[in-house]
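A look at the structure
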Amino acid sequence: MLTMEPTSMLRNLFDLPRSIALSSVSAGFVAMLIGCSGPLLIVVQAAQNAGLTDEQLSSWVWAVMIGTGICSLLMSLWYRQPLLAAWPTAGAALLASSLPEYSFNEAVGAYIVSSIGLILLGISGLFGRMMGYIPGTIIAGMMAGILLQFGTNVFTYLLEAPLLVVAMLAGYLLLKRFKFTAPTIGIMIVGLLICYVGGTLNVGRVSPRLTIPVLIVPAFSLQALLGLSLPLFILANASQNAPGLGVLRSFGYNVPPEGPITLTGIVSLLAAPMGNFGFSLSAITAAICVSPDAHPDPDKRYSAGVAYGLWYIIFGLFGATAVALFNGLPAAFIATLAGLSLLGAINAGLTGAMSEPTEREPALLAFLITASNITILGIGAPFWGLVVGVAAHWILGSAKARPNA
């Protein structure tokens with residue numbers, strides 16, 4: 001069910017000028033940059049593997065970016081929380097290997113069916129009831145596990161680009177020391193300057209060009225429904241919606257999941273004929289916008305979600321041009337910027353996971369399994385971190401309940 005009130009949305013919209021800050025605008029931009037720098041390139045790879053035309057690829061990129069922006073904008077304004085949408089990275093990876101087996105018309109038909117499944121799941125309220133059984137400490141451990149690799153990647157690139165990493169790290173610490181309101185934008189400027197001087201920026205030939213979406217007539221086949229619809233539906237919920245909701249709850253945002261899941265399903269359905277394979281709640285990029293670094297006031301932090309949505313719409317209008325732009329940024333710069341932007345969220349996740357002495361072992365297992373980045377049955381580590389964490393919670397809880405335990 002959609003628990004949304006238009007009057008609340010208008011009130012939040014009118015309050016936006018008093019809620020927005022430089023830190024929330026920069027947090028939204030960095031979250032968008034991170035979302036585009038990796039997952040968007042997987043979309044490009046999937047399109048190339050399937051032999052799609054440049055027009056079809058541009059339309060696909062247009063659809064995923066514009067749809068992500070619209071979902072994030074509407075959810076953040078309606079709920080007054082930094083609710084971010086994304087396209088499932090695991091789903092894009094699935095398409096990179098499976099899409100060549102089907103016609104693009106069959107794929108669009110599969111996207112439509114998967115979107116209808118998301119709408120029905122949201123309306124039923126089943127997803128919210130399932131998430132209600134997961135303790136907050138386990139959710140926090142899973143969140144910390146998701147983000148850990150982004151923190152360690154900062155130092156992975158230390159030997160490859162020592163000047164860049166050290167300068168950005170030092171800039172981050174100095175800006176935090178002097179309580180600069182938007183340290184992320186400061187280190188981004190420092191990093192770009194160093195990349196420009198070092199000649200590692202490859203964006204000189206990028207020119208803006210508006211994208212015109214292409215409508216694809218859907219076709220339906222049992223093979224595509226089983227090979228694409230079902231896996232995309234499972235991956236959207238296991239690898240994105242569950243961790244995304246966990247990230248929000250770990251920062252005190254207890255939004256009912258029925259509305260966001262239904263909304264992302266509706267927008268997915270509308271964007272499917274243009275090549276979009278589905279939207280879901282964001283997990284990794286959401287951690288940037290729910291962190292106190294995005295805005296010190298939790299009630300005004302929704303402005304970071306609005307900024308994120310607007311950035312996506314702005315860049316999405318130019319489709320393939322945005323892909324070329326983000327592809328021209330050095331990997332070391334993006335990894336360092338992401339890791340430093342997520343330090344606050346990693347800290348919050350680890351603190352929350354260890355906050356209850358009786359829950360530390362299940363939370364630690366959830367953290368370790370998620371951080372391992374394993375994939376089982378095509379489903380990523382965050383889902384299995386939740387499963388094992390809840391199982392450990394139940395087993396240890398049952399053992400403690402026995403008199404001789």
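The structure displayed is predicted, hence computed values, not measured ones.

Brief notes about the packing of aromatic side chains
For the structure shown, the criterion picks out 8 aromatic pairs. Arranged with centres 6.1 Å apart and planes meeting at 85°, the rings of Trp-60 and Phe-277 form a pair that is edge-to-face. On the criterion of sequence distance, the pair formed by Trp-60 in helix α4 (residues 54-79) and Phe-277 in the loop between α12 (258-271) and β2 (280-281) is long-range, its members being 217 residues apart. Each member of the pair Trp-60 and Phe-277 is classed as buried. With centroids separated by 5.0 Å and ring planes inclined at 75°, the aromatic side chains of Tyr-308 and Tyr-312 adopt a geometry described as edge-to-face. Of this pair, Tyr-308 and Tyr-312 both sit in helix α14 (residues 302-316), 4 residues apart, which is roughly one turn of that helix. Each of the two residues, Tyr-308 as well as Tyr-312, counts as buried. Its end group placed over the ring of Phe-178, Arg-177 keeps NZ or CZ at 5.5 Å from the ring centre.

Observations regarding the environment of Ser-76
Position of Ser-76 relative to the elements: it lies in helix α4. Separated by 56 residues in sequence, Ser-76 and Ile-20 place their C-alpha atoms 12 Å apart. In contact with Ser-76, other than residues within four places in its own chain, are Gln-81, Pro-82, Leu-83, Tyr-302, Gly-305 and Val-306. A distance of 3.1 Å separates a polar atom in the side chain of Ser-76 from the backbone oxygen of Leu-83.

Focus: the packing of helix α9 (residues 162-177) against helix α10 (residues 183-198)
Where α9 contacts α10, the two axes come as close as 9 Å, and the packing angle between them is 155°. Considering the angle they form, α9 stands roughly antiparallel to α10. For the pair α9 and α10, the crossing hand works out as right-handed. For the pair α9 and α10, the contacting residues are Leu-163, Leu-164, Ala-167, Met-168, Gly-171, Tyr-172, Leu-175 and Lys-176 in the first and Pro-183, Gly-186, Ile-187, Val-190, Gly-191, Ile-194 and Cys-195 in the second. Here the residues of the contact of α9 with α10 sort into 11 nonpolar, 3 polar and 1 charged.

Here's the deal with a nonpolar patch on the surface
A contiguous nonpolar patch, built from Leu-222, Leu-226, Leu-230 and Ile-234 and spanning about 390 Å² of accessible area, is present on the exposed surface. Within the secondary structure layout, Leu-226 lies in helix α11 (residues 222-250).

So, α11
Across its 29 residues, α11 extends 40 Å between first and last C-alpha, which sits within 8% of the 42 Å expected from 1.5 Å per residue. At Asn-237, α11 is deflected by roughly 30°, the largest bend along its length. Gly-252 sits one or two positions beyond α11 and adopts a positive phi of about 90°.

A closer look at empty space enclosed by the protein
Applying the stated criterion to the full structure yields 2 cavities of 30 Å³ or more. In this structure, the second largest cavity spans a volume of roughly 60 Å³. If you go around the second largest cavity, the residues you meet are Pro-88, Ser-114, Ser-115, Leu-118, Leu-232, Ala-236, Phe-277, Gly-278 and Phe-279. Only α6 (104-124) and α11 provide two or more residues apiece to the lining of the second largest cavity.

Some words on the pattern of salt bridges
In total, this model carries 4 salt bridges according to the counting rule given. With a shortest N-O distance of 3.0 Å, Asp-293 and Lys-176 are connected by a salt bridge. Of the two residues, Asp-293 sits in the loop between α13 (284-290) and α14 while Lys-176 sits in helix α9, which places them 117 residues apart along the sequence. Three or more residues are tied together by salt bridges with common partners; here these are Asp-15, Arg-18, Arg-80 and Asp-299.

Thoughts on the side chain of His-295
Residue position: His-295 is located in the loop between α13 and α14. Among the polar contacts listed, one links the side chain of His-295 to the backbone oxygen of Ser-19, at a separation of 3.0 Å. Ignoring anything within four residues of it in the chain, the contact list for His-295 reads Ser-19, Ala-21, Ser-23, Lys-300, Arg-301 and Ser-303.

A short note on the nonpolar core
With 104 residues, the main nonpolar core has Trp-60, Met-65, Tyr-111, Phe-277 and Phe-333 as its most contacted residues. Leaving out residues up to four positions away in the same chain, Trp-60 has contacts with Val-43, Ala-46, Ala-47, Leu-52, Leu-95, Leu-99, Tyr-111, Met-274, Gly-275, Asn-276 and Phe-277.

Regarding the confidence of the model for the protein chain
Residues of the protein chain with pLDDT of at least 70 account for 92%, and the chain-wide mean is 84. In the model, residues 401-405 has pLDDT below 50 throughout and makes 2 contacts with residues more than four positions away in sequence or in other chains.

Topic: helix α17 (residues 343-353)
Each full turn of the α-helix corresponds to 3.6 residues, which orients residues three or four apart in the same direction. Within α17, the full set of buried residues consists of Ala-345, Ile-346, Gly-349 and Ala-353. Viewed end-on, α17 has its buried residues packed into an arc of 100°, placing them on one side of the element. Buried positions along α17 lie against α8 (136-156), α13 and α18 (360-372).

Observations regarding the layout of surface pockets
With a probe scaled to a water molecule rolled over the atoms, the places where space remains empty come into view. In this structure, the second largest pocket encloses a volume near 340 Å³. Lining the second largest pocket are 15 residues; nearest its centre among them are Phe-127, Met-130, Asn-237, Ala-242 and Phe-383. For the lining of the second largest pocket, the element with the highest residue contribution is α11, accounting for 5 residues. Its residues placed into classes, the lining of the second largest pocket shows 14 nonpolar, 1 polar and no charged.

Quick notes on the rules
- Residues numbered from 1 in each chain as written.
- Predicted model: local features only at pLDDT ≥ 70, side-chain atom pairs only at ≥ 80, totals over all residues.
- Heavy atoms only, no water.
- Phe/Tyr/Trp six-rings, centres within 6.5 Å; stacked < 30°, edge-to-face > 60°.
- Helix = DSSP H or I, 4+ residues; strand = E, 2+ residues; numbered from the N terminus.
- Buried < 20%, exposed > 50% of the residue type's maximum accessible area, 1.4 Å probe, protein only.
- Lys NZ or Arg CZ within 6 Å of the ring centre and 35° of its normal.
- Contact = heavy atoms within 4.5 Å.
- Polar contact = N/O pair within 3.5 Å; in protein donor to acceptor, adjacent residues only side chain to side chain.
- Axes fitted to C-alpha atoms, helices over the stretch in contact; angles between N-to-C directions.
- Parallel < 35°, antiparallel > 145°, perpendicular 65-115°, else oblique.
- Left-handed = near helix turned anticlockwise from the far one by under 90°.
- Nonpolar A, V, L, I, M, F, W, Y, C, P; charged D, E, K, R; others polar.
- Patch = residues over 30% accessible without salt bridge, like charges linked within 9 Å, V, L, I, M, F, W, Y side chains within 5 Å.
- Areas by Shrake-Rupley, 256 points an atom, 1.4 Å probe, with all protein chains shown as cover.
- Salt bridge = Lys/Arg side-chain N within 4 Å of Asp/Glu carboxyl O.
- Expected span 1.5 Å × (residues − 1).
- Bend = angle between axes of the 7 residues up to and from the residue.
- 1 Å grid on protein atoms, 1.4 Å probe; cavity = no way out; pocket = protein on both sides within 12 Å on 5 of 7 lines; lining within 4 Å.
- Points joined across faces, edges and corners; volume = space filled by probe spheres on them.
- Core = buried A, V, L, I, M, F, W, Y, C linked by side-chain atoms within 4.5 Å.
- pLDDT = per-residue confidence, 0-100.
- Arc of directions from axis to C-beta.

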